[in-house]
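Okay, here's what each chain looks like letter by letter:
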Amino acid sequence: MKKIAVLLAVLGLSASSVSPGATFNTKAVVYVDCGVSVASAVKIGDDKYITAAHVVDRLPCYVNGVQIKDVEAFPESDFATFRGPKSEIRAKISCRKFVAGEEYLALGYANGAPWLTPEPWIASKFQFGYQQAFSGEAIPGMSGGAVIDDNGKVLGIVNQRWPARSLSLRDTNICRK
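Residues numbered from 1 in each chain as written. Predicted model: local features only at pLDDT ≥ 70, side-chain atom pairs only at ≥ 80, totals over all residues. Heavy atoms only, no water.

Considering the environment of V71
Then, in step 1: Locating V71 in the fold gives a position in strand β6 (residues 69–74).
Then, in step 2: For the pair V71 and Y49, spaced 22 residues apart in the sequence, the C-alpha separation amounts to 9.6 Å.
Then, in step 3: Apart from the residues within four sequence positions on either side, V71 is in contact with V56, L59, T81 and F82. (Helix = DSSP H or I, 4+ residues; strand = E, 2+ residues; numbered from the N terminus. Contact = heavy atoms within 4.5 Å.)

Here you go:
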């Protein structure tokens, strides 16, 4: 798990050396409050966010007290985009696929806690439909959060647990423009 140290350094959580430019702004992963449930989303543009479709299937939902709008959901792959509060903060994305055996870091608001939880994941060789299976834990509330590589780029979002699963952005309208 040597890459996990690098991934944590990308987040600024370790003194390990990291390649130049390999950073991830943790403020790009946001808390989504839908009243009866809470989860996570990733900010990828001025006001554009990505999350799991099941996160936003019971509207209204809010990010930083602002109601989200223009939800476009793809339930078959458990992916959604929406518009929310504007800011300069955004995550860098990558359209490369997950690689079996590679280490990644899942980030989200586990159990609705007000802090971001990092969980180390290792990609398996198994797929469930559009979703890549991982060893590692996906805790409720992390759904819709980021799955990042050691370059600090978002490759996917947290979708399910048992086993932990992520939809690669490569398989979404974000990368298939």
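Structure shown, so let's carry the discussion forward.
Re the state of the cysteines
Then, in step 1: Scanning the model with the defined rule gives 2 disulfides in all.
Then, in step 2: Covalently, C34 is tied to C61 through a disulfide, its sulfur atoms 2.0 Å apart. When the S-S torsion is 110°, as for the bridge of C34 with C61, the disulfide is right-handed. With C34 in the loop between β1 (29–33) and β2 (38–43) and C61 in the loop between β3 (48–51) and β4 (62–63), this residue pair connects regions lying 27 residues apart in the sequence. Each of the two residues, C34 as well as C61, counts as buried.
Then, in step 3: The disulfide bridge from C95 ends at C175, spanning 1.9 Å between sulfur atoms. Since a negative S-S torsion denotes a left-handed disulfide, the C95-C175 link at about -85° is left-handed. Of the two residues, C95 is situated in the loop between β7 (79–83) and β8 (103–108) and C175 in the segment after β13 (164–168); the sequence distance between them amounts to 80 residues.
Then, in step 4: Indicated for the protein is the disulfide connectivity 1-2, 3-4, based on numbering the bonded cysteines in sequence order. (Disulfide = S-S within 2.5 Å. Buried < 20%, exposed > 50% of the residue type's maximum accessible area, 1.4 Å probe, protein only.)

Concerning the pairing of strand β10 (residues 131–135)
Then, in step 1: Of all 5 residues that make up β10, 4 are buried, and the element is covered over most of its length.
Then, in step 2: As paired elements, strand β9 (residues 117–128) and β10 share 4 bridges and run antiparallel to each other. Looking at β10, one finds that F128 is bridged to Q131.
Then, in step 3: The loop that links β9 with its antiparallel partner β10 comprises 2 residues; one of these, G129, has a positive phi angle of about 60°.
Then, in step 4: Here β10 pairs with β13 via 4 bridges, running antiparallel. (Pairing = 2+ DSSP bridges.)

As for the pairing of β7
Then, in step 1: In terms of burial, β7 is a largely internal element, 4 of the 5 residues being buried.
Then, in step 2: Pairing between β3 and β7: 4 bridges, direction antiparallel. Residue K48 lies in a different strand from β7, and its bridge partner there is R83.
Then, in step 3: Across 4 bridges, β6 lies against β7 in antiparallel orientation. What sits directly across from A73, in β7, is A80.
Then, in step 4: In this structure, the hairpin formed by β6 and β7 is closed by a connection of 4 residues, where D78 is found at a positive phi of approximately 60°.

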